[in-house]
Amino acid sequence: MKVNIQSVNFNADQSLIDFVQKRMDKLDQFYDKVISSDVYLKVENTSDKENKIFEARVNVPGDSFVVKKQCKSFEEGADSAASSLERQLKKRKEKLKSHL
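Definitions and cut-offs
Residues numbered from 1 in each chain as written. Predicted model: local features only at pLDDT ≥ 70, side-chain atom pairs only at ≥ 80, totals over all residues. Heavy atoms only, no water. Helix = DSSP H or I, 4+ residues; strand = E, 2+ residues; numbered from the N terminus. Rg over C-alpha atoms; globule rule 2.2 N^0.38 Å. Contact = heavy atoms within 4.5 Å. Areas by Shrake-Rupley, 256 points an atom, 1.4 Å probe, with all protein chains shown as cover. Lys, Arg positive; Asp, Glu negative; His and termini not counted. Charge placed at Lys NZ, Arg CZ, Asp CG, Glu CD. Core = buried A, V, L, I, M, F, W, Y, C linked by side-chain atoms within 4.5 Å. Buried < 20%, exposed > 50% of the residue type's maximum accessible area, 1.4 Å probe, protein only. Pairing = 2+ DSSP bridges. Axes fitted to C-alpha atoms, helices over the stretch in contact; angles between N-to-C directions.

Looking now at the overall build of the chain. For the chain, the count of helices and strands is two helices and four strands. Starting at the N terminus, the α and β elements of the chain follow one another as β-α-β-β-β-α. Here the C-alpha atoms of the chain give a radius of gyration of 14 Å, agreeing with the 13 Å that 2.2 N^0.38 yields for 100 residues. Principal-axis analysis of the C-alpha atoms gives the chain an extent of 50 × 25 × 20 Å. Considering only contacts within the chain whose residues lie at least 6 apart along the sequence, 49% involve residues at least 24 apart. For the chain, the computed accessible surface area is about 6200 Å², with 46% contributed by carbon and sulfur atoms. Within the chain, one finds 19 positive and 16 negative side-chain charges whose respective centroids are separated by 5 Å.

Okay, here's the thing in structure tokens:
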């Protein structure tokens, strides 16, 4: 799967990019028709500790899923967003199976 990663207001290091790529690649196990995904890593200028925003858009034929998580770290955001996307992809796969 092609993953486009964009970091906003900061420069992401290679280990973070590799982690996000690896986590998003696991989504192929749940739904094999994923076309691509766009990931946006943002840092808000607030005094709050949870100032990291992880936003992911996964494109599948005929639809796209968007998940936005705000956490203390991008790794935590990637994990929670990916698990949320897993549920959505499983649900879509089941819905398509029931129509056949």
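Following the structure, the description resumes.
In this section: the nonpolar core. In this structure, Met-24, Val-39, Phe-54, Val-58, Val-60, Leu-85 and Leu-89 are the most contacted members of the largest nonpolar core, which totals 21 residues. Elements supplying a minimum of two residues to this core: α1 (14–25), β2 (36–43), β3 (52–60), β4 (63–71) and α2 (74–99). No other element matches the five residues that α2 contributes to this core. Every residue in contact with Val-39, bar those within four places of it in the chain, is listed here: Val-3, Asn-4, Ile-5, Gln-6, Val-20, Met-24, Phe-54, Glu-55 and Ala-56.

With respect to topology, four strands assemble into an open sheet ordered β1-β2-β3-β4, the strand pairing being mixed. The open sheet is flanked by β1 (2–8) and β4, the only strands paired with a single partner. Between one strand axis and the next, the sheet turns by 15° as a mean value, whatever way the strands run. Its contacts with the sheet put α2 on β2, β3 and β4, and the angle it makes with β4 is roughly 150°.

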